[in-house]
Amino acid sequence: MDPVLSVRDLSVALTLPGRQRTLLDGIGFDVAPREIVGVVGASGAGKTVLSRAVVNWIEPPLAIRSGSVSFRGRNLLALPPREMRRLRRDIAYVGANPMGALDPTLPVGRQIVEKLRAVMPEVSPKEAQARVVALLDAVRIPSAASRFHDYPSQFSGGMMQRALIVDAMVSNPALLVADNVTQPLDVTVAAQVIRLMRELTERFDTAILFVSSSLPVAREAASRTLVIDAGKLVEEQATEALIAAPRHAYTRALVAQIPVIWGERPTLPAAPKPAAPVHADAIISLRDVSQTYRVKKRGSFAGTSALRAVRNVTFDIVKGDSFAVVGESGCGKSTLMRLLSRLEHPSGGSVLCEGRDIAGLSGAELLGFRRKLQLVLQDPFNSLPPRTGIGAMLEAPLRTHGWRDPRKIREKVRAVMDDVGLPVSLYDDLPLGLSAGQRQRVNVARAMVLDPEILLMDETLSALDQTEQFKLLALFDKLQRAHGLTYIYISHDLAMVRKACNRIAVMYLGEVVELADNERLFFDPGHPYTRALLSAMPSLEERRYRPEDCLMEGEPPSPIDLPLGCAFRSRCPQAFGPCLDRPPLLSVRGARDLASCHLVPGPGATLAGAA
Amino acid sequence: MDAVETSLALPPPHADTAEARLMSRSIGRRILGQATGSTGFKIGLALVLILALAAALYPELSGIDPVKMDVRARLLPPLFLGEKWSWAHPLGTDQIGRDMLVRSLVGLRTSFLIGVASVALTLLIGCALGTVAGYFGGRTDTVVMRITDAQLSIPMIILAIAVLGVSRPTIPAIILVLGLSNWPVYARVMRSVVMAERGREYVRAAQVSGATHPRIILTLLVPLLLPPLLFTSVLDVARMMIFESTLGFLGLGVQPPTPTFGNIIADGRKYLLNAWWIATMPGLFLCLTLTSINLIGAAFERARNTIHGGA
């Protein structure tokens, strides 16, 4: 079959007055109809530039230096704008930022209809609407006909990304360029989106160029994968072959960096002995912690309803632990983070630090707690004040804690910058030119400068590509060894958790549904939700859990109207009688592990088994 | 503090002197350096200095009394214009022979003082209230914003006429009226930018490191958000100076015989056809002052943007 897309010798350069930088250098590949081709590379390798070049969307200061992008034999780069516009119906593009791609003031459906009628003016408005609703239904947006009239703010992130796929697919394109579409999504939703894309190639003969920064994700979707490094195409192979036998050194390094999940873990990060008695030296303890927010009731003027973001969470974090809290977005992870860091007080229960309720701290004691627990934030761009020099940024916490001698402060800051691998020459620079990885290092340094005992990592690695994650995890490991730190990771990335943490709490709708040690959680999960998360996790290895058996459709119910019985039953493939009306309790599984599911044998059974 | 002490005992990793010297140039210094290097700044500064020195010293040094009448020298044109110009009155005289240069410079004094002081007052009230409202939100925000709305609903000119018409229009009274009438705009702007910044993650990080609210506001938010506002406030100095002239023109400014831009224009307006310079001179001085202030302000803004990458 003739390739639908063929790129030959494509070079793109960034041209600024006085200098030029090559971003893509002599790229060439083909995409056949119905084929999904993956493009993988580190951030900054030129993936987004490539996906834009393919849809002829290169704008100054970028410029095409040489080469051609042929779609069905016609070179797009040489087409006059009018012809190109006609081709837009056959070539579609979906980006990584669904929130930014939709106009917040117009209903979602209307925007998609508008796009369809722009590329295919012959379709009547009524027909267009019917088609959009049908497609929204096809991507499993519940009650598509009424959702059609909803505004983007009423869609969740996953739904919005699916709506954008509809937006791209609505004209039955022959080629879809998907630039990092699964990046902002939870694993379970990402798995749904990838499955949806596969179906689309079969139903509409669409070819897909699937750009991703993660090789495991590309493996889920693509049959053939290109690896790009620093603007050059370094390897092209069938995906499985690429993973099994990478030919290029860069690919080999890339594959080696992917955390191993089911195999033997190389090193446990300074984990306490499993034999250590529970509650021995818990540094942080949560006792029955709940947080309820009052939110405005929809469609009423002054009425409020209770949003139960965190419900009755109890666990201990032992000194030296690497503790992880995992779950999908909206499960209460971030609320828990705010409670742990005393940005908010729980509406019920208490958070104890070394046995003292942190809500009752004030004055010097509070400052002492503040020094002990530091936060490392998620968004590398939002988390640094934009117009403060890096040195000044790192000095600020010291000044807060009463350091006065400028020379000592400067020395301390330099020592910490050295510690986290930031060149000291950045002291007076603004964060402006820093890469995401370096920004996260500044973030870590800002937390480390006070010599804390606990670091609370709020999705610290999720914005980074595989290579940067790998480097930062090594740094965390080093710091933990050197300073005896306790880590609390708040994350949705199970692969990272598998590599970095020794104890894991899984949250669903504000509750801890499973609490277990690393090995146990991954090899013998006690809760069907854990199993679903594990099955959806992209990896390079043989799957242990088949998505067909445990992957649920749809999204979690709203935390405002919690269902009766088990909160998970609406998505659970194993739901049965008692799940309908009786909420399960956290039950003991073995010496240290807990899960809340009716399928877990009750305490009596455990005792009987032990006896 | 033990851990802190031990880590300090390590030898400083970078003690190179050249590097240390380079690092001692803080960002503020770099902006200052870049701004003062630009031509616009130099011209602006020179103009401001000349005007300020002239306004401060000339009326006293020259010994010319701004209210002294000289009927024989009435309606003299400025230098080199018309027939009867004289070196004794470089900018001419008015209808009763008062020296225009001295009168204008005395007027500039009051005008500039009122302009700067009232904008400073506006900035202080507006930014303080706006920051507090935006940062704390909730009930505080509601109260502050309702006060702002109330203030906004009273037209500035009517407020000024009411207050100054009833009491004696002294300089402090005028500053107070002008300052109070304009702060809601600043409060609004400050509130919205503070609200946007408050939600950012770095504010949370500061909170977790133990920083108190006043510390966050004063060390993080104000240094970030105030500079753009300061730049626009320079333009407001111009507006206030013009407003002061308006009040003077209406007879609500500083009272004659003290010359102000307003009453000079009011006097000169009857002679606009045959002695245009009387009403024009205040405008000329106003224009020069404002241009030079703006040149300085723009130089700083540009330097700030180059250093910070045009964000």
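Residues take numbers from 1 onward in each chain, read along the sequence in its written order. Numbering of ligands from 1 and lettering of chains from A proceed in the order in which they are written. Two thresholds apply to this predicted model, a pLDDT of at least 70 for residue-level local features and 80 or more for giving and counting side-chain atom pairs, whereas whole-chain, interface and lining totals are computed over all residues. The basis for every side-chain value is the complete set of heavy atoms in the structure, and neither hydrogens nor water enter the calculation.

Looking at the overall build of chain B
1) Next: Labels follow the DSSP assignment, with helices taken as runs of H or I lasting at least four residues and strands as runs of E lasting at least two, numbered in each case from the N terminus. Broken down by element type, chain B carries twelve helices and zero strands.
2) Next: Ordered by position from N to C terminus, the α and β elements of chain B give α-α-α-α-α-α-α-α-α-α-α-α.
3) Next: Here chain B has a C-alpha radius of gyration of 25 Å; the compact-globule value for 311 residues is 19 Å, and the former is much larger.
4) Next: Counting only C-alpha atoms, chain B reaches 85 × 55 × 30 Å along its principal axes.
5) Next: Buried, partly exposed and exposed residues are distinguished by accessible area as a fraction of the type maximum, computed with a 1.4 Å probe on protein chains only: under 20%, between the cut-offs, and over 50%, respectively. Each of the 311 residues in chain B was classed as buried or not, and the buried ones make up 44%.
6) Next: For chain B, restricting intrachain contacts to residue pairs at least 6 apart in sequence, the fraction spanning at least 24 positions comes to 73%.
7) Next: Areas reported here follow the Shrake-Rupley algorithm with a probe of radius 1.4 Å; residue values treat only the protein chains shown as occluding. For chain B, the accessible surface area stands at approximately 15,500 Å², while carbon and sulfur atoms represent 70% of it.
8) Next: Here chain B carries 26 positive and 18 negative side-chain charges, and the mean point of each set is 5 Å from the other. For the radius of gyration, the atom set is restricted to C-alpha positions; the globular benchmark scales as 2.2 Å times the number of residues to the power 0.38. In what follows, a contact means two residues having at least one pair of non-hydrogen atoms within 4.5 Å. Charge assignment: positive for Lys and Arg, negative for Asp and Glu; neither His nor the chain ends contribute. Every charge is mapped to an atom, namely NZ of Lys, CZ of Arg, CG of Asp or CD of Glu.

Thoughts on the pairing of strand β11 (residues 282-296) of chain A
Consecutive residues of a regular strand have side chains that alternate between opposite faces of the sheet.
All names here are of chain A.
1) Next: Two strands pair under a simple rule: DSSP has to find at least two bridges between them. Judged from the eleven bridges that link them, β11 and strand β12 (residues 304-318) form a sheet pairing that is antiparallel. Across the sheet, residue L286 finds its bridge partner in β12, namely F315.
2) Next: Both β11 and strand β14 (residues 348-353) contribute to a ladder of five bridges, which runs antiparallel. When the bridges of β14 are listed, R287 appears paired with S350.

What to know about empty space enclosed by the protein
Residue and element names in this part refer to chain A.
1) Next: Using a grid of 1 Å spacing that covers the protein atoms alone, one calls a set of points a cavity when a 1.4 Å probe fits there but cannot get out, and a pocket when the set is open and has protein on both sides within 12 Å along at least five of seven lines; lining residues are those with an atom within 4 Å of a point. Grid points are joined across faces, edges and corners, and a volume is the space filled by probe spheres set on the points. Scanning the entire structure with this criterion turns up six cavities of 30 Å³ or more.
2) Next: Empty space within the largest cavity amounts to approximately 70 Å³.
3) Next: As for the largest cavity, its lining consists of 14 residues, of which P528, C566, C572, C579 and C597 are closest to the centre.
4) Next: Note that Gly is not counted as nonpolar here; it falls among the polar residues with everything else outside the nonpolar set of Ala, Val, Leu, Ile, Met, Phe, Trp, Tyr, Cys and Pro and the charged set of Asp, Glu, Lys and Arg. Residues belonging to the lining of the largest cavity are distributed by class as follows: ten nonpolar, three polar and one charged.

A look at the packing of helix α5 (residues 125-138) of chain A against helix α7 (residues 157-169) of chain A
Residues and elements named next belong to chain A.
1) Next: Angular values range over 0 to 180 degrees, each being the angle between N-to-C directions of two axes fitted as lines to C-alpha atoms, with helices fitted over their stretch in contact. One can describe the packing of α5 onto α7 by two numbers: an axis separation of 9 Å at closest approach and a directional angle of 135 degrees. As far as their axial angle goes, α7 and α5 are oblique. Judged by the twist between their axes, the crossing of α5 over α7 is right-handed. Contact with α5, carried on its side by V132, L135 and L136, involves A163, V166 and M169 of α7 and no other residues of that element. An angle below 35 degrees is read as roughly parallel, one above 145 as roughly antiparallel, one from 65 to 115 as roughly perpendicular, and any other as oblique. In this scheme, a crossing is called left-handed if the near helix is turned counterclockwise away from the far one by less than a right angle; it is called right-handed if the turn is clockwise.

Things to note about the packing of aromatic side chains
1) Next: To pair, rings of Phe, Tyr and Trp, with the six-membered ring standing in for Trp, must have centres within 6.5 Å; the planes then decide the type, stacked if under 30 degrees apart, edge-to-face if over 60, and tilted in the middle. Following the criterion strictly, the structure yields eleven aromatic pairs over all chains and no others.
2) Next: Look at A:F476 and A:Y487: their rings are 5.8 Å apart centre to centre, the planes differ by 55 degrees, and that puts the pair in the tilted class. Within this pair, whereas A:F476 is found in helix α17 (residues 466-483), its partner A:Y487 is found in strand β18 (residues 486-491), the two being separated by eleven residues in sequence.
3) Next: Judged by relative accessible area, which is 1%, A:F476 ranks as buried.
4) Next: Given the relative accessible area of 1%, A:Y487 is considered buried.
5) Next: Arranged with centres 5.8 Å apart and planes meeting at 85 degrees, the rings of B:W276 and B:W277 form a pair that is edge-to-face.
6) Next: For B:W276, a relative accessible area of 39% translates into the label partly exposed.
7) Next: Relative accessible area serves as the criterion here: at 6%, B:W277 is assigned to the buried category.

Quick word on the UniProt feature "domain: ABC transmembrane type-1" (unreviewed entry) in chain B
1) Next: The positions that UniProt labels "domain: ABC transmembrane type-1" (unreviewed entry) are, in the present scheme, residues 108-297 of chain B.
2) Next: Span residues 108-297 of chain B is 83% helix and 0% strand, its end C-alpha atoms 20 Å apart. UniProt positions are given in the numbering used here, feature names are shortened, and annotations may be inferred rather than shown by experiment.

Digging into the nonpolar core
Residues and elements named next belong to chain A.
1) Next: By nonpolar core we mean a set of buried residues, namely Ala, Val, Leu, Ile, Met, Phe, Trp, Tyr and Cys, connected to one another through side-chain atoms within 4.5 Å. By size, the foremost hydrophobic cluster in this structure holds 67 residues, and its most contacted members are Y489 and F522.
2) Next: Not counting residues within four places of it along the chain, the set of residues in contact with Y489 comprises S322, F323, A324, V325, M457, L473, F476, M496, A500 and C501.
3) Next: Formed by 47 residues, the second largest nonpolar core is a distinct cluster that contains V119, I141, L176 and F210.

Topic: the pattern of salt bridges
1) Next: The salt bridge definition used is simple: a Lys or Arg side-chain nitrogen within 4 Å of an Asp or Glu carboxyl oxygen. Considering all chains together, one arrives at 42 salt bridges over all chains under this definition.
2) Next: A salt bridge links B:E201 to B:R204, with the shortest nitrogen-to-oxygen separation between them at 3.6 Å. Pair noted here: B:E201 and B:R204 are both in helix α9 (residues 201-208), with a separation of three residues, about one helical turn.
3) Next: The partner of B:D236 in a salt bridge is B:R239, and the shortest N-O contact between them spans 2.9 Å. Here B:D236 pairs with B:R239, and both are found in helix α10 (residues 213-249), just three residues apart, close to one helical turn.
4) Next: B:R239 sits in the partly exposed class, given a relative accessible area of 41%.
5) Next: When salt bridges that share partners are traced, they join A:R503, A:E514, A:D517, A:R520, A:D524, A:R589, A:R592 and A:D593 into one network.

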